[in-house]
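Residues per chain, in single letters:
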Amino acid sequence: MDSIINYFSEMPSTHRSLVLVGGLTIFFLIENAAPLFTTKYNKAKHTGTNVFFTITTILVNFGMAFILVGTSQWVVANGIGIVQWLSAPIWLTLIIGLLLLDLIGAWFAHWTEHHVKWMWQFHVIHHTDQNVDTTTANRHHPGESVIRFVFTCIAVLIVGAPMWLIFLYQSLSVVLSQWNHSNLRMPLWLDNAMKLIVCTPNMHRVHHHYRQPYSDMNYGNIFSFWDRIFGTYIEVDNEKLVYGVDTYMKQEEAGKIGSLLKIPFSGYRDHIEYPTKESL
Ligand SMILES: [Zn+2]
């Protein structure tokens, strides 16, 4: 346990980048070997667009990392936050920390991005992808990367998270997100067993269906029970899904980096109200 804490306390940025690139490569290879959807599309262009947004996400996070480190050092030095108040042992710090960082820094941040219009205008870029795969995980507008960074800092303040916990959480979060966005066809029994605790590909995909209310379900990233607790959990037949977002289905808007970067500043588009109810 001590060696894990020591490692994550001083996790070098090269190792953090390696987790991201390594996860992407592994899931990219296995989703191509066992895909759920075999739609023909320009994979090189699609990957290029999503890698561009992954790089901007990395740049934003590395550029502001000193704020996160400062926040963590401050809460630990001043005994602020839940695990500091509890003087919790390491194992309890780990459990409470991972749960609350995931709840506040991922689930709640994501839910808020869907319900606050100006935040949705940034988050919608993630939803414009009509061929969801592992590279979609980090397809975030730079503005959204800043929004998510702020939520992570708030979570660190509430939790009282030391740096080792933050790096451990972020490593897990990156890999889980790459996995649950992947186009991997997993045996249903395995997916069903795993989704009792974590968000699996079969659980998250419906969040990328182009129509509401499905895109407002299954917000989770690491743990699956937040959606069950807050009433946003749904199970559907993944084979019937159509990826994208109804307001941006045209390729000239959804497939070009320049257009995607401009979306947040080009006015709010309300979801389309469909005359018929859809059942998946
Ligand atoms: Zn979303």
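The coordinates are above.
All figures in this text were calculated on a predicted structure; none of them were measured in a lab.

### Some details on the overall build of the chain
- Summing up its helical and strand segments, the chain has 13 helices and zero strands in all.
- Taken from N to C terminus, the helices and strands of the chain fall in the order α-α-α-α-α-α-α-α-α-α-α-α-α.
- Here the chain has a C-alpha radius of gyration of 19 Å; the compact-globule value for 280 residues is 19 Å, and the two agree.
- Seen along its three principal axes, the alpha-carbon backbone of the chain occupies a region of about 55 × 45 × 35 Å.
- Among the 280 residues that make up the chain, the fraction classed as buried is 38%.
- Counting contacts in the chain only where the partners sit at least 6 residues apart, residues at least 24 apart contribute 75% of the total.

### A short note on unusual backbone geometry
- The step from Q212 to P213 runs through a cis peptide bond, and the omega angle for that step is 5°.
- As for its placement among the helices and strands, P213 is situated in the loop between α10 (201-204) and α11 (225-229).
- Positive phi outside glycine occurs at S87, with the angle close to 45°.
- Relative to the helices and strands, S87 is located in the loop between α4 (82-85) and α5 (90-115).

### Here's the deal with α5
- Here α5 contains 26 residues, and its C-alpha end-to-end distance of 36 Å stays within 8% of the 38 Å for a straight helix at 1.5 Å per residue.
- A maximum bend of about 30° is found in α5 at L103.
- Three or more residues of α5 are buried, namely T93, G97, L100, L101, D102, L103, G105, A106, W107, A109, H110 and E113.
- Elements that come into contact with the buried residues of α5 comprise α4, α6 (117-127), α7 (142-159), α8 (163-180) and α11.

### Focus: the packing of helix α1 (residues 2-9) against α8
- Where α1 contacts α8, the axes come no closer than 7 Å and their chain directions differ by 85°. Judged by the angle between their axes, α1 and α8 are roughly perpendicular. Contacts between α1 and α8 involve I5, F8 and S9 from the first element and M163, W164, F167 and L168 from the second.

### Digging into the environment of V69
- The residue V69 is located in helix α3 (residues 43-78) in this model.
- Here the alpha-carbon distance between V69 and V156, two residues 87 residues apart in the chain, equals 9.9 Å.

### Looking at the environment of N192
- Counting through the fold element by element, N192 comes out in helix α9 (residues 188-194).
- On the basis of neighbour counts, which here come to 14 C-beta atoms within 10 Å, the residue N192 falls in the partly exposed class.
- Counting along the chain gives 163 residues from N192 to L29, while the straight-line C-alpha distance between them is 23 Å.

### Brief notes about the nonpolar core
- Ranked by internal contacts, the top residues of the largest apolar core, which has 28 residues, are L101, V156, V159, A161, L165 and I166.
- Where this core is concerned, the elements lending two or more residues are α2 (13-33), α5, α7 and α8.
- Not counting the four nearest positions on each side in its chain, L165 is found in contact with T93, L94 and G97.
- Counting residues in hydrophobic clusters, the runner-up holds ten residues, among them F122, V124, I125 and A254.

### Brief notes about the packing of α3 against α7
- Remark: α3 packs on α7, axes separated minimally by 10 Å, with the N-to-C direction vectors making an angle of 15°. Here α3 is positioned roughly parallel relative to α7, judged by the angle of their axes. Handedness of the α3/α7 crossing: right-handed. Of the residues in α7, those touching α3 at T56, T57, V60, N61, M64, I67, L68, T71, S72 and V75 are P142, S145, V146, F149, T152, C153, V156 and L157.

How each quantity is defined
- Residue positions are given per chain, counting from 1 as you read along its sequence in written order.
- Restriction of local features to residues with pLDDT of at least 70 applies here, the model being predicted, together with a cutoff of 80 or more for giving and counting side-chain atom pairs; totals for whole chains, interfaces and linings are based on all residues.
- Secondary structure counts use DSSP, requiring at least four H or I residues in a row for a helix and at least two E residues in a row for a strand, with both numbered from the N terminus.
- Here the globule rule is a power law, 2.2 Å times the number of residues to the power 0.38, and the radius of gyration is based on C-alpha atoms.
- Exposure in this text rests on C-beta crowding, where 20 or more other C-beta atoms within 10 Å of a residue's own make it buried, 12 or fewer make it exposed, and counts in between make it partly exposed. The C-beta atoms are placed from the backbone.
- By the convention adopted here, residues make contact when the C-beta atoms placed from their backbones lie within 7 Å.
- One fewer than the residue count of a helix, multiplied by 1.5 Å, yields its expected span.
- Consider a residue and the seven residues that end there alongside the seven that start there; fitting an axis to each set, the bend is the angle between those axes.
- As a rule, the C-alpha atoms of each element are fitted with a line to give its axis, helices using only the stretch in contact, and angles between N-to-C directions run from 0 to 180 degrees.
- Here is the rule for angles: anything less than 35 degrees is roughly parallel, anything more than 145 is roughly antiparallel, 65 through 115 is roughly perpendicular, and the remaining ranges are oblique.
- For this analysis, nonpolar core means a set of buried Ala, Val, Leu, Ile, Met, Phe, Trp, Tyr and Cys residues linked through C-beta atoms within 7 Å.
- Each crossing is labelled by how the near helix is turned from the far one, with a counterclockwise turn of less than a right angle marking it left-handed and a clockwise turn marking it right-handed.

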